[in-house]
Amino acid sequence: MSDINNNKDSVASNGNSRIPLEGVLAVHKPAGYTSHDVVAKARRILGMKRIGHTGTLDPQVTGVLPLCLGKATRVVEYIQELPKEYEAQLTIGYATDTEDWTGQETARVEQAVLDMDELLRVLQAFVGTIQQVPPMYSAIKIEGKRLYELARQGQEVERPARTVHIYALELIDAHLEEKYPKVRIRVRCSKGTYIRTLCVDIGRALGYPSVMSELVRTSTGNITLDRCLTLTQIEQLQQQGMLSEALIATDEAIAHIPRVDVSAEAALHASQGKSIPVSQYVQSHSQEGETGCLMRVYGPEEQFIGIFRKDPEQALLRPEKVFV
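Residues numbered from 1 in each chain as written. Predicted model: local features only at pLDDT ≥ 70, side-chain atom pairs only at ≥ 80, totals over all residues. Heavy atoms only, no water.

Between helix H3 (residues 116-125) and helix H5 (residues 195-206), the least distance of the axes is 10 Å, while the angle of their chain directions is 130°. In this view, H3 runs oblique relative to H5, as classed from their interaxial angle. Read as a crossing pair, H3 and H5 show a hand that is right-handed. On H5, the residues touching Glu118, Leu119, Val122 and Leu123 of H3 are Ile202, Ala205 and Leu206. (Axes fitted to C-alpha atoms, helices over the stretch in contact; angles between N-to-C directions. Helix = DSSP H or I, 4+ residues; strand = E, 2+ residues; numbered from the N terminus. Parallel < 35°, antiparallel > 145°, perpendicular 65-115°, else oblique. Left-handed = near helix turned anticlockwise from the far one by under 90°. Contact = heavy atoms within 4.5 Å.)

This brings us to helix H8 (residues 264-271). At 3.6 residues per turn, the α-helix brings residues three or four places apart onto the same side. Taken as a whole, H8 has its buried residues at Ala266, Ala267 and Ala270. The buried residues of H8 occupy an angular sector of 105° when the element is viewed end-on, so they sit on one face. Every exposed residue of H8 that faces more than 90 degrees away from the buried side is listed here: Ala264, Glu265 and Leu268. Count one or two residues on from H8 and you reach glycine 273, which has phi positive near 80°. (Buried < 20%, exposed > 50% of the residue type's maximum accessible area, 1.4 Å probe, protein only. Arc of directions from axis to C-beta.)

So, on to the packing of aromatic side chains. This structure, assessed with the given rule, holds two aromatic pairs. Summarising the aromatic geometry, the rings of tyrosine 298 and phenylalanine 304 are spaced 5.4 Å apart at their centres and angled 45° between planes, so their arrangement reads as tilted. Three or more aromatic residues joined by ring pairs form one cluster here, namely Tyr298, Phe304 and Phe323. We note arginine 74 situated over the ring of phenylalanine 323; from NZ or CZ to the ring centre the distance is 4.9 Å. Taking the ring centre of tyrosine 180 as reference, the NZ or CZ of arginine 108 above it sits at 4.9 Å. (Phe/Tyr/Trp six-rings, centres within 6.5 Å; stacked < 30°, edge-to-face > 60°. Lys NZ or Arg CZ within 6 Å of the ring centre and 35° of its normal.)

Attention now moves to the environment of lysine 41. Structurally, lysine 41 is set in helix H1 (residues 35-46). On the basis of relative accessibility, which here comes to 24%, the residue lysine 41 falls in the partly exposed class.

Before going further, it helps to spend a moment on unusual backbone geometry. In this structure, glutamate 99 is a non-glycine residue whose phi angle is positive, near 75°. With respect to the helices and strands, the residue glutamate 99 is situated in the loop between strand E7 (94-96) and strand E8 (105-108). Residue classification places glutamate 99 among the buried positions, given a relative accessible area of 14%. Even without a glycine there, the phi angle at alanine 315 is positive, about 55°. Relative to the helices and strands, alanine 315 is located in the loop between strand E20 (303-311) and strand E21 (316-322).

Moving on to the pairing of strand E14 (residues 210-220). For E14, a buried count of nine out of 11 residues is recorded, marking the element as mostly surrounded by other parts of the structure. Looking at chain direction, strand E5 (residues 62-69) and E14 are connected through two bridges and run parallel. Across the sheet, residue threonine 62 finds its bridge partner in E14, namely valine 216. Examined bridge by bridge, strand E6 (residues 84-92) and E14 share nine bridges and lie antiparallel to one another. Across the sheet, isoleucine 92 pairs through a bridge with serine 210, a residue of E14. With two bridges connecting them, E14 and strand E15 (residues 223-224) associate as antiparallel partners. Of the residues in E15, the one forming a bridge with threonine 220 is isoleucine 223. (Pairing = 2+ DSSP bridges.)

Tallying each qualifying case throughout the model produces 14 salt bridges. With a closest N to O distance of 2.7 Å, arginine 227 and glutamate 252 form a salt bridge. Separated by 25 residues along the polypeptide, arginine 227 in the loop between E15 and helix H6 (231-239) and glutamate 252 in helix H7 (residues 250-253) bring together distant segments of the chain. In this structure glutamate 252 comes out as partly exposed when scored by relative accessible area, which is 34%. Among the ionic pairs, glutamate 320 bridges to arginine 309, the shortest N-O distance being 2.9 Å. Here glutamate 320 is found in strand E21, whereas its partner arginine 309 is found in strand E20, with 11 residues between them in sequence. Classification of glutamate 320 as partly exposed rests on a relative accessible area of 38%. Residues joined in a network through salt bridges with shared partners are Glu87, Glu170 and Arg186. (Salt bridge = Lys/Arg side-chain N within 4 Å of Asp/Glu carboxyl O.)

Take the side chain of arginine 196 next. The topology assignment puts arginine 196 in helix H5. Of the polar contacts made by the side chain of arginine 196, one reaches the backbone oxygen of threonine 98; its length is 3.1 Å. (Polar contact = N/O pair within 3.5 Å; in protein donor to acceptor, adjacent residues only side chain to side chain.)

If you look at the biggest cluster of nonpolar residues, it comprises 30 residues, and the most contacted ones within it are Leu169, Ile185, Ile195 and Ile202. When contributions to this core are tallied by element, the ones reaching two or more residues are E6, H3, strand E12 (162-175), strand E13 (182-189), H5 and E14. In terms of residue count, H5 provides more of this core than any other element does, five residues in total. The residues contacting isoleucine 195, other than those within four sequence positions of it, are Tyr86, Ala88, Val187, Cys189, Met212 and Leu215. Among the nonpolar cores identified, the runner-up in size contains 21 residues, and Ala26, Ala72, Val76 and Ile223 belong to it. (Core = buried A, V, L, I, M, F, W, Y, C linked by side-chain atoms within 4.5 Å.)

In short, the description is geometric, and any link to function would need to be established separately.
Here it is, written out as C-alpha coordinates:
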(Lines give C-alpha, C1' and ligand atoms only; values in the text may rest on other atoms or scores of the structure.)
Protein backbone atom coordinates (compact mmCIF):
# COMPACT_ATOMS: atom_id res chain seq x y z
CA MET A 1 0.00 0.00 0.00
CA SER A 2 1.12 3.57 -0.57
CA ASP A 3 1.80 5.94 2.28
CA ILE A 4 0.32 9.30 1.37
CA ASN A 5 -0.50 12.46 3.30
CA ASN A 6 -1.76 15.74 1.91
CA ASN A 7 0.50 18.01 3.91
CA LYS A 8 2.50 20.95 2.59
CA ASP A 9 4.98 19.84 -0.06
CA SER A 10 8.66 20.58 -0.40
CA VAL A 11 9.81 23.03 -3.04
CA ALA A 12 12.83 23.03 -5.30
CA SER A 13 14.80 26.04 -6.49
CA ASN A 14 14.50 26.91 -10.16
CA GLY A 15 16.26 30.19 -10.83
CA ASN A 16 14.39 32.83 -8.86
CA SER A 17 11.26 30.72 -8.50
CA ARG A 18 10.49 27.83 -6.24
CA ILE A 19 8.28 25.02 -7.47
CA PRO A 20 6.85 21.99 -5.65
CA LEU A 21 8.73 18.73 -6.12
CA GLU A 22 6.61 16.54 -8.35
CA GLY A 23 7.42 13.33 -10.16
CA VAL A 24 8.82 9.89 -9.43
CA LEU A 25 12.00 9.51 -7.39
CA ALA A 26 13.66 6.17 -8.14
CA VAL A 27 15.35 5.01 -4.95
CA HIS A 28 17.95 2.25 -4.67
CA LYS A 29 16.61 0.75 -1.45
CA PRO A 30 19.36 -0.37 0.93
CA ALA A 31 19.31 -3.54 3.01
CA GLY A 32 17.95 -3.15 6.53
CA TYR A 33 15.24 -0.63 5.59
CA THR A 34 11.54 -1.36 5.22
CA SER A 35 9.77 0.41 2.37
CA HIS A 36 8.10 2.65 4.94
CA ASP A 37 11.51 3.43 6.44
CA VAL A 38 12.60 4.70 3.03
CA VAL A 39 9.48 6.88 2.78
CA ALA A 40 10.15 8.29 6.27
CA LYS A 41 13.78 9.01 5.38
CA ALA A 42 12.75 10.72 2.14
CA ARG A 43 10.24 12.86 4.01
CA ARG A 44 12.97 14.08 6.34
CA ILE A 45 15.40 14.78 3.50
CA LEU A 46 12.85 16.51 1.27
CA GLY A 47 10.84 18.23 3.99
CA MET A 48 7.57 17.04 2.48
CA LYS A 49 4.80 14.67 3.53
CA ARG A 50 3.09 13.81 0.26
CA ILE A 51 5.13 10.77 -0.75
CA GLY A 52 3.89 7.31 -1.74
CA HIS A 53 5.88 4.16 -2.46
CA THR A 54 4.88 1.79 -5.23
CA GLY A 55 5.54 -1.72 -3.95
CA THR A 56 6.76 -3.16 -0.68
CA LEU A 57 10.18 -4.77 -0.42
CA ASP A 58 11.24 -6.90 2.56
CA PRO A 59 13.83 -5.21 4.80
CA GLN A 60 16.83 -7.27 3.61
CA VAL A 61 15.91 -6.95 -0.08
CA THR A 62 17.59 -4.18 -2.09
CA GLY A 63 16.85 -2.51 -5.39
CA VAL A 64 14.28 -0.42 -7.22
CA LEU A 65 11.73 1.38 -5.04
CA PRO A 66 9.96 4.20 -6.91
CA LEU A 67 8.62 7.00 -4.69
CA CYS A 68 5.88 9.27 -6.03
CA LEU A 69 6.19 12.88 -4.91
CA GLY A 70 3.46 15.51 -4.74
CA LYS A 71 0.75 15.17 -7.38
CA ALA A 72 2.54 12.07 -8.70
CA THR A 73 1.11 10.15 -5.73
CA ARG A 74 -2.03 9.94 -7.86
CA VAL A 75 -0.32 7.44 -10.18
CA VAL A 76 0.89 5.06 -7.44
CA GLU A 77 -1.86 2.57 -8.30
CA TYR A 78 -0.81 2.40 -11.96
CA ILE A 79 2.89 1.87 -11.19
CA GLN A 80 2.06 -0.79 -8.57
CA GLU A 81 0.34 -2.87 -11.25
CA LEU A 82 3.40 -3.01 -13.51
CA PRO A 83 5.53 -6.14 -13.92
CA LYS A 84 8.62 -6.36 -11.71
CA GLU A 85 12.00 -7.86 -12.47
CA TYR A 86 14.29 -9.46 -9.89
CA GLU A 87 17.63 -11.17 -9.66
CA ALA A 88 17.46 -13.89 -7.03
CA GLN A 89 19.73 -16.55 -5.67
CA LEU A 90 18.32 -19.78 -4.30
CA THR A 91 20.32 -22.21 -2.22
CA ILE A 92 19.21 -25.81 -2.57
CA GLY A 93 19.46 -28.29 0.28
CA TYR A 94 17.86 -26.65 3.29
CA ALA A 95 14.67 -24.77 4.19
CA THR A 96 13.59 -22.08 6.68
CA ASP A 97 10.29 -20.96 8.15
CA THR A 98 10.46 -17.62 6.30
CA GLU A 99 11.47 -19.20 2.97
CA ASP A 100 14.59 -16.98 2.88
CA TRP A 101 18.01 -16.76 4.50
CA THR A 102 16.74 -14.77 7.51
CA GLY A 103 14.55 -17.51 9.00
CA GLN A 104 14.96 -20.47 11.32
CA GLU A 105 16.06 -23.68 9.64
CA THR A 106 13.31 -26.29 9.35
CA ALA A 107 14.89 -28.94 7.10
CA ARG A 108 18.26 -29.93 5.65
CA VAL A 109 19.63 -32.74 3.51
CA GLU A 110 23.20 -34.01 3.58
CA GLN A 111 23.80 -33.00 -0.02
CA ALA A 112 21.82 -31.86 -3.06
CA VAL A 113 22.87 -33.43 -6.34
CA LEU A 114 21.65 -31.73 -9.52
CA ASP A 115 22.41 -31.71 -13.21
CA MET A 116 22.07 -28.75 -15.56
CA ASP A 117 19.53 -30.32 -17.92
CA GLU A 118 17.14 -31.05 -15.08
CA LEU A 119 17.57 -27.56 -13.65
CA LEU A 120 16.82 -25.88 -16.97
CA ARG A 121 13.77 -28.08 -17.51
CA VAL A 122 12.35 -27.22 -14.09
CA LEU A 123 12.97 -23.50 -14.48
CA GLN A 124 11.18 -23.47 -17.83
CA ALA A 125 8.18 -25.22 -16.27
CA PHE A 126 7.54 -22.16 -14.08
CA VAL A 127 7.18 -19.74 -16.98
CA GLY A 128 3.57 -18.71 -17.55
CA THR A 129 0.57 -18.60 -15.23
CA ILE A 130 1.22 -20.45 -11.99
CA GLN A 131 -0.38 -20.93 -8.58
CA GLN A 132 1.41 -19.81 -5.41
CA VAL A 133 0.55 -20.40 -1.78
CA PRO A 134 1.65 -17.21 0.03
CA PRO A 135 4.25 -17.70 2.79
CA MET A 136 3.21 -17.49 6.43
CA TYR A 137 5.68 -14.65 6.88
CA SER A 138 3.77 -12.20 4.68
CA ALA A 139 1.47 -9.22 5.17
CA ILE A 140 -1.61 -10.93 3.73
CA LYS A 141 -4.61 -10.87 6.07
CA ILE A 142 -6.58 -13.98 6.99
CA GLU A 143 -9.70 -13.30 9.04
CA GLY A 144 -8.43 -9.85 9.94
CA LYS A 145 -4.93 -10.90 11.05
CA ARG A 146 -1.72 -10.59 9.09
CA LEU A 147 -0.05 -13.90 8.40
CA TYR A 148 3.30 -12.83 9.85
CA GLU A 149 1.59 -12.02 13.17
CA LEU A 150 0.20 -15.56 13.32
CA ALA A 151 3.55 -17.01 12.26
CA ARG A 152 5.32 -15.21 15.11
CA GLN A 153 2.85 -16.83 17.50
CA GLY A 154 3.84 -20.23 16.15
CA GLN A 155 0.61 -20.69 14.20
CA GLU A 156 0.24 -21.92 10.65
CA VAL A 157 -3.07 -21.51 8.85
CA GLU A 158 -4.36 -22.65 5.49
CA ARG A 159 -3.75 -20.07 2.76
CA PRO A 160 -5.61 -20.11 -0.54
CA ALA A 161 -3.38 -20.31 -3.60
CA ARG A 162 -3.09 -17.19 -5.73
CA THR A 163 -2.65 -16.90 -9.48
CA VAL A 164 0.47 -15.03 -10.62
CA HIS A 165 2.29 -14.81 -13.92
CA ILE A 166 5.96 -15.42 -14.65
CA TYR A 167 6.75 -13.62 -17.91
CA ALA A 168 10.36 -14.77 -18.08
CA LEU A 169 12.70 -16.89 -15.96
CA GLU A 170 16.35 -16.94 -16.98
CA LEU A 171 19.27 -18.82 -15.49
CA ILE A 172 22.16 -16.43 -14.79
CA ASP A 173 24.57 -18.75 -13.01
CA ALA A 174 24.65 -22.09 -11.20
CA HIS A 175 27.21 -23.73 -8.93
CA LEU A 176 25.95 -27.29 -9.05
CA GLU A 177 29.24 -28.76 -7.81
CA GLU A 178 28.69 -27.37 -4.31
CA LYS A 179 27.23 -29.43 -1.47
CA TYR A 180 24.32 -26.99 -1.37
CA PRO A 181 24.11 -25.66 -4.93
CA LYS A 182 23.53 -21.96 -5.47
CA VAL A 183 21.45 -20.97 -8.47
CA ARG A 184 21.06 -17.36 -9.63
CA ILE A 185 18.03 -16.48 -11.73
CA ARG A 186 16.42 -13.45 -13.35
CA VAL A 187 12.63 -13.30 -13.00
CA ARG A 188 10.12 -10.98 -14.65
CA CYS A 189 6.76 -11.41 -13.00
CA SER A 190 3.36 -9.93 -12.23
CA LYS A 191 2.40 -7.96 -9.18
CA GLY A 192 1.88 -10.14 -6.11
CA THR A 193 4.50 -12.76 -6.98
CA TYR A 194 6.50 -14.00 -4.00
CA ILE A 195 10.03 -14.70 -5.19
CA ARG A 196 10.74 -16.51 -1.89
CA THR A 197 7.94 -18.92 -2.64
CA LEU A 198 9.05 -19.31 -6.24
CA CYS A 199 12.51 -20.36 -4.99
CA VAL A 200 10.98 -22.87 -2.57
CA ASP A 201 8.73 -24.27 -5.30
CA ILE A 202 11.66 -24.62 -7.70
CA GLY A 203 13.58 -26.54 -5.05
CA ARG A 204 10.59 -28.76 -4.39
CA ALA A 205 10.29 -29.52 -8.11
CA LEU A 206 13.96 -30.54 -8.03
CA GLY A 207 13.28 -32.81 -5.06
CA TYR A 208 15.00 -30.75 -2.36
CA PRO A 209 14.26 -28.13 0.30
CA SER A 210 15.52 -24.68 -0.70
CA VAL A 211 15.58 -21.04 0.32
CA MET A 212 15.93 -17.67 -1.34
CA SER A 213 19.40 -16.55 -0.26
CA GLU A 214 19.62 -13.18 -2.06
CA LEU A 215 17.18 -10.84 -3.81
CA VAL A 216 17.48 -7.58 -5.73
CA ARG A 217 14.61 -5.87 -7.53
CA THR A 218 16.12 -4.69 -10.81
CA SER A 219 13.10 -2.94 -12.33
CA THR A 220 9.55 -1.79 -11.83
CA GLY A 221 7.98 -1.26 -15.23
CA ASN A 222 10.37 0.96 -17.20
CA ILE A 223 12.20 2.15 -14.06
CA THR A 224 15.46 0.23 -13.90
CA LEU A 225 18.17 -0.05 -11.27
CA ASP A 226 20.58 2.16 -13.20
CA ARG A 227 18.12 5.05 -12.88
CA CYS A 228 17.96 4.79 -9.09
CA LEU A 229 19.64 7.03 -6.53
CA THR A 230 20.88 6.06 -3.10
CA LEU A 231 19.54 7.90 -0.08
CA THR A 232 22.92 9.61 0.27
CA GLN A 233 22.80 10.82 -3.34
CA ILE A 234 19.24 12.07 -2.85
CA GLU A 235 20.28 14.06 0.21
CA GLN A 236 23.24 15.58 -1.63
CA LEU A 237 21.14 16.60 -4.64
CA GLN A 238 18.48 18.10 -2.38
CA GLN A 239 21.09 20.18 -0.56
CA GLN A 240 22.42 21.38 -3.94
CA GLY A 241 18.91 22.27 -5.15
CA MET A 242 19.26 19.83 -8.05
CA LEU A 243 16.97 16.97 -7.05
CA SER A 244 14.11 18.06 -9.32
CA GLU A 245 16.39 17.40 -12.32
CA ALA A 246 16.76 13.76 -11.23
CA LEU A 247 13.02 13.05 -11.00
CA ILE A 248 11.21 10.94 -13.57
CA ALA A 249 8.27 12.86 -15.02
CA THR A 250 4.91 11.57 -13.85
CA ASP A 251 3.72 10.71 -17.35
CA GLU A 252 7.01 9.00 -18.23
CA ALA A 253 6.60 6.68 -15.25
CA ILE A 254 3.26 5.49 -16.66
CA ALA A 255 4.40 5.24 -20.29
CA HIS A 256 2.76 1.81 -20.50
CA ILE A 257 -0.60 3.60 -20.71
CA PRO A 258 -1.35 4.40 -24.39
CA ARG A 259 -0.93 8.04 -25.42
CA VAL A 260 -3.17 10.23 -27.57
CA ASP A 261 -2.78 13.86 -28.59
CA VAL A 262 -5.83 16.09 -28.88
CA SER A 263 -6.63 19.44 -30.43
CA ALA A 264 -6.17 22.71 -28.54
CA GLU A 265 -9.92 23.02 -28.05
CA ALA A 266 -10.21 19.48 -26.70
CA ALA A 267 -7.18 20.05 -24.47
CA LEU A 268 -8.88 23.06 -22.88
CA HIS A 269 -12.02 21.01 -22.14
CA ALA A 270 -9.94 18.10 -20.85
CA SER A 271 -8.01 20.36 -18.48
CA GLN A 272 -11.35 21.45 -17.04
CA GLY A 273 -12.22 17.83 -16.26
CA LYS A 274 -14.70 17.47 -19.12
CA SER A 275 -15.14 14.48 -21.38
CA ILE A 276 -13.78 14.94 -24.88
CA PRO A 277 -15.01 13.41 -28.13
CA VAL A 278 -12.91 10.75 -29.79
CA SER A 279 -13.14 12.82 -32.97
CA GLN A 280 -10.83 15.36 -31.32
CA TYR A 281 -7.82 13.03 -31.43
CA VAL A 282 -5.00 14.64 -33.37
CA GLN A 283 -2.57 11.75 -33.33
CA SER A 284 -2.06 8.50 -31.47
CA HIS A 285 1.53 7.64 -30.51
CA SER A 286 0.71 4.09 -29.45
CA GLN A 287 -2.02 1.51 -29.80
CA GLU A 288 -5.31 2.61 -28.35
CA GLY A 289 -5.81 -0.69 -26.56
CA GLU A 290 -9.02 -2.40 -25.64
CA THR A 291 -12.47 -1.07 -24.95
CA GLY A 292 -12.57 0.92 -21.74
CA CYS A 293 -8.79 1.26 -21.60
CA LEU A 294 -6.96 4.15 -20.00
CA MET A 295 -5.24 6.77 -22.14
CA ARG A 296 -2.65 9.46 -21.42
CA VAL A 297 -4.00 12.64 -22.99
CA TYR A 298 -1.70 15.38 -24.29
CA GLY A 299 -2.46 18.84 -25.60
CA PRO A 300 -0.37 21.03 -27.88
CA GLU A 301 3.34 21.48 -27.06
CA GLU A 302 3.61 18.13 -25.26
CA GLN A 303 1.37 19.23 -22.38
CA PHE A 304 0.36 16.19 -20.28
CA ILE A 305 -3.22 16.79 -19.27
CA GLY A 306 -4.19 13.61 -17.49
CA ILE A 307 -5.46 10.06 -17.57
CA PHE A 308 -8.76 9.44 -19.35
CA ARG A 309 -10.79 6.29 -19.97
CA LYS A 310 -12.12 5.41 -23.39
CA ASP A 311 -15.91 5.09 -23.63
CA PRO A 312 -16.49 3.62 -27.11
CA GLU A 313 -20.28 3.57 -26.80
CA GLN A 314 -20.41 7.33 -26.38
CA ALA A 315 -17.26 7.93 -28.47
CA LEU A 316 -15.74 9.86 -25.57
CA LEU A 317 -12.67 9.99 -23.40
CA ARG A 318 -13.84 10.41 -19.81
CA PRO A 319 -11.53 11.94 -17.18
CA GLU A 320 -10.05 9.67 -14.51
CA LYS A 321 -7.32 11.99 -13.18
CA VAL A 322 -6.52 15.46 -14.45
CA PHE A 323 -3.06 16.88 -13.69
CA VAL A 324 -3.14 20.31 -15.31
